[in-house]
Amino acid sequence: MIPAAGRGVRLGPGAPKALRALSGTPMLVRAVRAMTASRAVSLVVVVAPPDGEAEVRSLLDDFPLAGDRTEVVVVPGGATRQESVSLGLKALPDDVGTVLVHDAARPLVPVDTVDSVVAAVRAGHPAVVPALPLADTVKQVAPRDAADATAPETVTGTPERALLRAVQTPQGFDRRTLDAAHATFETAAREGDGATDDAGMVERLGVPVVVVPGHEEAFKVTRPLDLVLAEAVIARRRANDGF
Ligand SMILES: Nc1ccn([C@@H]2O[C@H](COP(=O)(O)OP(=O)(O)OP(=O)(O)O)[C@@H](O)[C@H]2O)c(=O)n1
Ligand SMILES: C[C@](O)(CO)[C@H](O)COP(=O)(O)O
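Residues numbered from 1 in each chain as written. Chains lettered and ligands numbered in written order. Predicted model: local features only at pLDDT ≥ 70, side-chain atom pairs only at ≥ 80, totals over all residues.

K.L.:
Would you mind going over the overall build of the chain with me for this structure?
P.N.:
Helices and strands together make up the secondary structure of the chain, namely 7 helices and 12 strands. Taking 18 Å as the expected radius of gyration for a compact globule of 243 residues, we find that the chain reaches 18 Å, a close match to that expectation. If you line up the chain on its principal axes, its C-alpha atoms span 55 × 40 × 35 Å. Looking at the 243 residues of the chain, the share that counts as buried comes to 36%. The contacts of the chain with a sequence gap of at least 6 include a subset with a gap of at least 24, amounting to 73%. (Helix = DSSP H or I, 4+ residues; strand = E, 2+ residues; numbered from the N terminus. Rg over C-alpha atoms; globule rule 2.2 N^0.38 Å. Buried ≥ 20, exposed ≤ 12 C-beta atoms within 10 Å, placed from the backbone. Contact = placed C-beta atoms within 7 Å.)

K.L.:
I'm lost on the UniProt feature "site: Positions MEP for the nucleophilic attack" (unreviewed entry) in the chain in this one. Help?
P.N.:
Within this numbering scheme, the UniProt entry marks Arg 161 and Lys 220 as carrying the feature "site: Positions MEP for the nucleophilic attack" (unreviewed entry). Relative to the assigned elements, Arg 161 resides in the loop between β9 (155-157) and β10 (165-167). Arg 161 sits in the exposed class, given 12 other C-beta atoms within 10 Å. Each residue touching Arg 161, except ones within four places of it in the same chain, is listed here: Leu 134, Thr 137 and Val 138. Apart from residues lying up to four places away in sequence, Lys 220 is in contact with Asp 103, Ala 105 and Arg 106. (UniProt positions renumbered as here; feature names shortened; annotations may be inferred.)

K.L.:
Sorry if this is basic, but what is going on with the UniProt feature "site: Transition state stabilizer" (unreviewed entry) in the chain here?
P.N.:
In the numbering used here, UniProt assigns the "site: Transition state stabilizer" (unreviewed entry) feature to Arg 10 and Lys 17. Along the chain, Arg 10 turns up in the loop between β1 (2-3) and β2 (21-22). Mapping Lys 17 onto the fold places it in the loop between β1 and β2. For Lys 17, a count of 25 C-beta atoms within 10 Å translates into the label buried. Those residues in contact with Lys 17, other than ones at most four positions away along the chain, are Gly 6, Arg 7, Gly 8, Leu 11, Met 27 and Ala 105.

K.L.:
For this particular structure, what's the right way to read the packing of helix α5 (residues 175-190) against helix α6 (residues 198-205)?
P.N.:
How two helices sit against one another is set out by the angle between their axes and by the gap between those axes. Orientation of α5 relative to α6, taken along the N-to-C sense of each, is 80°, at an axis distance of 9 Å. By the angle between their directions, the pair α5 and α6 is classed as roughly perpendicular. Between α5 and α6, the contacting residues are Thr 177, Leu 178, Ala 180, Ala 181, His 182, Thr 184 and Phe 185 on the first element and Asp 198, Met 201, Val 202, Arg 204 and Leu 205 on the second. (Axes fitted to C-alpha atoms, helices over the stretch in contact; angles between N-to-C directions. Parallel < 35°, antiparallel > 145°, perpendicular 65-115°, else oblique.)

Right under this line is the structure:
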């Protein structure tokens, strides 16, 4: 499943992020191709911006996606990522047993990363995330005082970096586990206590989540500089192997 219903506020003004082009090809199309590059993927559910379903369908018709073996369906998304994924889950046929949830905003994930997530789920892990060690030291800060939003934040701690991971997508799940997590935390999301990733909800259920190595090229296009990096990765791939 590819949640693609976000606006891309941090990227700045323009079309919804997933519909913006990288070297002439929309990010969403690149994300769909990245997933269908895996032989494990036989169905892609794209979760479109609620007001952009028709535009997404026509975009996916305009660009070649995958061979005959992969079906692509489009459903409308919601106000948060969690809500969009919940809506996508409801569109899955009953016989789907393994689900990968992949951000449209990570259009350059290599197929080896997708396949290693799939392999770990198939090995019996109900929830799998690709992740990388951190380059920066991370500080925890106290919540800002609403009365003085300009005051410097106060550091309350320094988590041990060697035990931290930056988590990417696709995240892979046993379908029943992911369904249960979304069903359990639907209300929490409506009340503003939603999760920023799907594995976070599975953790709250008390189900173990395991990590497989992520990849630098699976970064999330979030801010304007990420567009520069993505274009550079695409250029390097073209130069290296005509991708
Ligand atoms: N209501 C939402 C919000 C986000 N997403 C998707 O979740 C992924 C990761 O989210 P993020 O990078 O935060 O995208 P945006 O929400 O678009 O970014 P921003 O917060 O800058 O607006 C993206 O593929 C985005 O389209 C979604 O399907 N539905
Ligand atoms: C799912 C995710 O990409 C894992 O790193 C991330 O949590 C999405 O967060 P965002 O707030 O939607 O950028």
